[in-house]
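# Coordinate inspection notes
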Amino acid sequence: QVQLVESGGGLVQPGGSLRLSCAASGNIFAIYDMAWYRQAPGKQRELVAAIGSGGSVNYLDSVKGRFTISRDNAKRTVFLQMNSVKPEDTAVYYCNADVFESRVGRRDHWGQGTQVTVSS
């Protein structure tokens, strides 16, 4: 069974930085796209950033120039470096991965979520 475990969330002041990590484990044959989503109270979940297995990236317009997504394929880990954070970045951040699991096939997986709160 594939698991995604996030870490790195917390309370940060406006203008500060935070780095989220998400490690995948289990009977994994391959990992394709990896991504970070977020969901603020009363709002729909939205895609923040995504990275392909070859390194291609795309970002939500409001985080371009402030957030950077990266991955370490050997460690099956995706990162989200968050700089110059704003109060509107406050949300639960979820890791997502498109995984080919041995004997199961290709499926979408989600982490449990990590809270990011931007406040002074």
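Attention here is on the structure that accompanies the text. For clarity, every value in this text was computed on a predicted model and none was experimentally measured. (Residues numbered from 1 in each chain as written. Predicted model: local features only at pLDDT ≥ 70, side-chain atom pairs only at ≥ 80, totals over all residues. Heavy atoms only, no water.)

Helix and strand counts for the protein stand at zero helices and eleven strands. For the protein, the succession of helices and strands along the chain, N to C, is β-β-β-β-β-β-β-β-β-β-β. For the protein, the C-alpha radius of gyration of 14 Å lies close to 14 Å, the compact-globule estimate for 120 residues. The C-alpha extent of the protein, read off along each of the three principal axes, is 50 × 25 × 25 Å. Split into buried and exposed, the 120 residues of the protein put 42% on the buried side. For the protein, the share of sequence-separated contacts (at least 6 apart) that also reach a separation of at least 24 residues comes to 54%. As presented, the protein carries roughly 6,300 Å² of accessible surface, and 46% of it is formed by carbon and sulfur atoms. (Helix = DSSP H or I, 4+ residues; strand = E, 2+ residues; numbered from the N terminus. Rg over C-alpha atoms; globule rule 2.2 N^0.38 Å. Buried < 20%, exposed > 50% of the residue type's maximum accessible area, 1.4 Å probe, protein only. Contact = heavy atoms within 4.5 Å. Areas by Shrake-Rupley, 256 points an atom, 1.4 Å probe, with all protein chains shown as cover.)

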